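As a plain string of letters, each chain reads:
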Amino acid sequence: IGDGWVNHGVVEQNAIMLASVSMEMRDTITSILQEYGYSGKPYSKESPQEFEGYQCFSIKTTWYHKETAQFLREEIGHGAYNKRLPSFWLNTTDKFRWGLLSGLLDTDGTVGTDKNGRVSVSYFTVSEELAYSVQALCNSLGLTAGVNIFIRKNKDNRKEFTVSLNNSSIMA
């Protein structure tokens, strides 16, 4: 789907950004923003690239809409270390929560198998609040998840968090 963020710089604090492979996603978000008073035209930059011998495409789109940017900044935070799920997620339908989990895994998750052929599903973040919220999201959907904490081995020694889904709950 895509990876989005709200800029928090002084110059572009009203910017809402999304990197995706879908022009349809850009158009859908533009339509939604128009329902909330957006009258501008999004700025999009297309980036063709090659990955492992395959031609790929991505598009980065920016919308400038002060009210929506402020709302998103308040609800989901800004910057990788401050990200969180929106406050209303607990009061949503199962369908919405499955979609939320799917989007999170699409952008910052992995699905694979271990050496014994067991399926593994993990989500990675540097935001502690987001990690524990994703764990709660999984639990709200009947999945069992745990959070592992790792210390980065670089100059800042910051924490990284991995939310791992229990194999038996994935296969249930």
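Residues numbered from 1 in each chain as written. Predicted model: local features only at pLDDT ≥ 70, side-chain atom pairs only at ≥ 80, totals over all residues. Heavy atoms only, no water.

## Some words on the sheet that holds strand E3 (residues 43–51)
In plain terms, the rule: Two strands qualify as a pair provided that DSSP identifies no fewer than 2 bridges between them. Helix and strand definitions follow DSSP, with helices as H or I runs of at least four residues and strands as E runs of at least two, each counted in order from the N terminus. Fitting a line to C-alpha atoms yields each axis, with helices limited to the stretch in contact; the angle taken between N-to-C directions then spans 0 to 180 degrees. Contacts are assigned to residue pairs that have any heavy atoms within 4.5 Å of one another.
Read from one edge of the open sheet, four strands run E1-E2-E4-E3, paired in antiparallel fashion. In the strand order of this sheet, the two ends are held by strand E1 (3–6) and E3, each with one partner. Between one strand and the next, the sheet's axes are offset by a mean angle of 15°, whatever the strand orientation. Sheet topology places strand E2 (residues 15–20) next to strand E4 (residues 54–64); six bridges connect them, and they run antiparallel. Bridge pairing links Met17 to Thr62 in E4. Strands E2, E3 and E4 of the sheet are contacted by helix H1 (residues 23–35), whose axis makes an angle of about 10° with E4.

## What about the confidence of the model for the protein?
Inclusion rule: For every residue, the predictor states its confidence as a pLDDT score lying anywhere from 0 to 100.
The share of residues in the protein with pLDDT of 70 or more is 92%, and the mean pLDDT across the chain is 87. Averaged pLDDT values for the elements of the protein fall to 68 in helix H5 (residues 167–170) and rise to 95 in helix H4 (residues 128–140).

## Digging into the environment of Thr28
Here is the rule: Each residue gets one of three labels from its accessible area relative to the maximum for its type: buried under 20%, exposed over 50%, partly exposed in between, using a 1.4 Å probe on protein chains only.
Here Thr28 lies in helix H1. Relative accessible area serves as the criterion here: at 37%, Thr28 is assigned to the partly exposed category. Measuring from C-alpha to C-alpha, the distance between Thr28 and Ile59 comes to 14 Å, with 31 residues separating the pair along the chain.

## Quick look at the packing of aromatic side chains
The condition that has to hold: Ring pairs shown here join Phe, Tyr and Trp side chains whose ring centres sit within 6.5 Å, with only the six-membered ring taken for Trp; geometry is labelled stacked below 30 degrees between planes, edge-to-face above 60, and tilted in between. Only Lys NZ and Arg CZ are tested; either one counts as a charge over a ring when it is within 6 Å of the ring centre and within 35 degrees of the ring normal.
Taken as a whole and assessed by the stated rule, the structure comprises one aromatic pair. When the ring of Phe88 is compared with that of Phe96, the centres are 6.4 Å apart and the planes differ by 55°; the resulting orientation is tilted. For Phe88, a relative accessible area of 37% gives the class partly exposed. Taking relative accessible area as the criterion, Phe96 reaches 37% and is therefore assigned partly exposed. Note that Arg158 overlies the ring of Tyr81, its terminal NZ or CZ placed 3.5 Å from the centroid.

## Let's talk about the sheet that holds strand E6 (residues 119–125)
With respect to topology, four strands assemble into an open sheet ordered E5-E6-E8-E7, the strand pairing being antiparallel. Looking along the sheet, the strands with just one partner apiece sit at the ends: strand E5 (109–113) and strand E7 (145–151). Strand-to-strand twist across the sheet, computed as the mean angle between neighbouring axes with direction ignored, equals 25°. Of the strand pairs in this sheet, E5 and E6 are connected by five bridges, and their pairing is antiparallel. Within E6, the residue paired with Gly112 across the bridge is Ser120. Relative to the sheet, helix H3 (residues 94–108) contacts E5 and E6, its axis offset from that of E6 by approximately 80°. Relative to E7, H4 is tilted by about 160°, and along the sheet it contacts E6, E7 and strand E8 (159–165).

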